[in-house]
Amino acid sequence: EKSQDCMYLQYCKVCQSYKAPRSHHCRKCNRCVMKMDHHCPWINNCCGYQNHASFTLFLLLAPLGCIHASFIFVMTMYTQLYNRISFGWSSVKIDMSAAKRDPRTIIPFGLSAFAASLFALGLALGTTIAVGMLFIIQMKVILTNKTSIESWIEEKAKDRIQYYQTGETFVFPYDTGSKWKNFKQVFTWSGIPEGDGLDWPVREGCHQYTLTIEQLKQKADKRVRSVRYRAIEDYSGVCCPVTKGVKTFFTTPCTEEPRIALSKGDLILATRGLKHWMYGEKILDSAADGGMRERGWFPRKCVEKCQYDSEVDQPVDGEKKNR
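As the structure is a computational prediction, the values presented were derived from the model and not from experiment.

Here, the residues flagged by UniProt with the feature "transmembrane region" (unreviewed entry) are residues 57-78 and 106-137. Helix and strand shares over residues 57-78 are 100% and 0% respectively, and the end C-alpha atoms of the span are 32 Å apart.

Laid out in structure tokens, this is it:
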């Protein structure tokens, strides 16, 4: 509504529009998602403003269902084994061929059925632990009125302020200070979350664009810290390249982030890296690529650092050295 507010917003080159506060672009869904928490491959969708409550209930009900199944498996195996165990003076024998006390079994329970039940019990217990931990993590961020992405942004804000010693104090604007109020913003009796996904109630001393301004500062800092590299080898973009060395093959990043294919001579702005891998954005011709960006991981041995920036004719990392 106010054109001057555009200076506080992030612009999405893919969607060709400004991002609403708390929204992020999902490369899997290829769209900007309001109050995006993460992309979940199990539901093949993003967890965000509209379905955050439904997703959290799914994380609660899945472990409860697995606990119920585990109880059934345990009681089934206990009952069937009890009817097949004979205790002697020197040994304990298990006869899986037939029940001795009650031969009228509704469902035959042999060795294969016992192995399948034991395997299913392991899956049920594993799912209970794994999904239960995800439920606890989700409830922690909901009770502080954050998302997983916003928790990461807050951590980076503290690191940025500490690194540059700016004296700023970043206050997360959407935490009302009351866990019950934060809870009610996601869980409602109608199933429809509060608000419209664009405007949010904020804490005193903050405004609608407090978080987006911090994101813009972090992006500016990221550009300062980025280093330009030039590709000296071709890279096809495979997850585990065989031809780039044994160490590169076995230390591939365990992340959902993509890999980018490189051709000899390509320019890349690297923002972070590991010992044998780097993450960055390929410098493309904006007119030819239509505003699309290619970001991802690539092997470190495929690139070399550019000593000078051809546009300004000075060291690329000069700003970094002068900080």
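More follows now that the structure is in view.
For the rest of this paragraph, the subject is the pairing of strand 10 (residues 267-273). Regular strands place their side chains on alternate faces of the sheet. For strand 9 (residues 227-231) and strand 10, the ladder comprises four bridges, and the chain directions are antiparallel. Each bridged residue has a counterpart across the sheet, and for Arg230 the counterpart in strand 10 is Leu267.

This part takes up the nonpolar core. Within the largest apolar cluster, 15 residues are counted, with the highest numbers of intra-cluster contacts made by Tyr229, Tyr235, Leu262, Ile268, Met278, Phe298 and Val303. Of all the secondary-structure elements, those providing two or more residues to this core are strand 9, strand 10, strand 11 (277-282) and strand 12 (294-299). Look past the residues within four positions of Met278 in its chain and what remains in contact with it is Tyr229, Ala270, Arg272, Gly273, Gly296, Trp297, Phe298, Arg300 and Val303. Ranked by size, the runner-up nonpolar core spans nine residues in total, among them Ile153, Ile161, Phe172 and Tyr174.

A word on the sheet that holds strand 11. Hydrogen bonding along the main chain pairs the strands of a sheet, whether they run parallel or antiparallel. Strand order in the open sheet made by the five strands is 12-11-10-9-13, with antiparallel pairing throughout. A strand with exactly one partner marks an edge of an open sheet, and here the two such strands are strand 12 and strand 13 (303-305). Put simply, the sheet's adjacent strands are angled 45° from each other on average, direction ignored. Sheet topology places strand 10 next to strand 11; five bridges connect them, and they run antiparallel. Paired with Gly273 across the bridge in strand 11 is Met278.

In an α-helix there are 3.6 residues to a turn, and that puts residues three or four apart on one side. Compared with the 24 Å implied by 1.5 Å per residue over 17 residues, the 25 Å span of helix 3 (residues 148-164) between its first and last C-alpha is a close match. Buried residues of helix 3: Glu150, Ser151, Ile153, Glu154, Ala157, Arg160 and Ile161, and no others. On its buried face, helix 3 is in contact with strand 3 (24-26), helix 2 (111-143) and helix 5 (210-225). Gln165 lies just past helix 3 and shows a positive phi near 55°.

What follows covers the pattern of salt bridges. According to the stated counting rule, one finds 10 salt bridges in the structure shown. Of the charged contacts, one joins Asp221 and Arg225 as a salt bridge, the two residues approaching to 3.0 Å between their closest N and O atoms. Here the residue Asp221 and the residue Arg225 both occupy positions in helix 5, the gap between them amounting to four residues, near one helical turn. Given a relative accessible area of 13%, Asp221 falls into the buried group. Shared partners join several salt bridges into a network, and the residues in it are Arg160, Glu168, Glu214 and Lys217.

Side chains of Lys13, Lys156, Lys219, Lys222, Arg223 and Arg293 sit close together on the surface and give a patch of like positive charge. Among the elements that take part in the positive patch, helix 5 stands out by supplying three residues, more than any other. One can find Lys156 in helix 3.

Here we take up the packing of helix 2 against helix 4 (residues 179-186). Where helix 2 meets helix 4, the closest approach of the two axes is 8 Å, and the angle between their N-to-C directions is 110°. The orientation of helix 2 relative to helix 4 falls into the category roughly perpendicular. Here Met139, Ile142 and Leu143 of helix 2 lie close against helix 4, whose contacting residues are Lys179, Asn182, Phe183 and Val186. Of the residues that constitute the contact of helix 2 with helix 4, the class distribution is five nonpolar, one polar and one charged.

This brings us to helix 4. Inspection of helix 4 places Asn182, Gln185 and Val186 among the buried residues, and these make up the whole buried set. The buried residues of helix 4 occupy an angular sector of 95° when the element is viewed end-on, so they sit on one face. In the core, the buried residues of helix 4 are packed alongside helix 1 (52-82) and helix 2.

Rules of the game
- Residues numbered from 1 in each chain as written.
- Predicted model: local features only at pLDDT ≥ 70, side-chain atom pairs only at ≥ 80, totals over all residues.
- Heavy atoms only, no water.
- UniProt positions renumbered as here; feature names shortened; annotations may be inferred.
- Helix = DSSP H or I, 4+ residues; strand = E, 2+ residues; numbered from the N terminus.
- Pairing = 2+ DSSP bridges.
- Core = buried A, V, L, I, M, F, W, Y, C linked by side-chain atoms within 4.5 Å.
- Buried < 20%, exposed > 50% of the residue type's maximum accessible area, 1.4 Å probe, protein only.
- Contact = heavy atoms within 4.5 Å.
- Axes fitted to C-alpha atoms, helices over the stretch in contact; angles between N-to-C directions.
- Expected span 1.5 Å × (residues − 1).
- Salt bridge = Lys/Arg side-chain N within 4 Å of Asp/Glu carboxyl O.
- Patch = residues over 30% accessible without salt bridge, like charges linked within 9 Å, V, L, I, M, F, W, Y side chains within 5 Å.
- Areas by Shrake-Rupley, 256 points an atom, 1.4 Å probe, with all protein chains shown as cover.
- Lys, Arg positive; Asp, Glu negative; His and termini not counted.
- Charge placed at Lys NZ, Arg CZ, Asp CG, Glu CD.
- Parallel < 35°, antiparallel > 145°, perpendicular 65-115°, else oblique.
- Nonpolar A, V, L, I, M, F, W, Y, C, P; charged D, E, K, R; others polar.
- Arc of directions from axis to C-beta.

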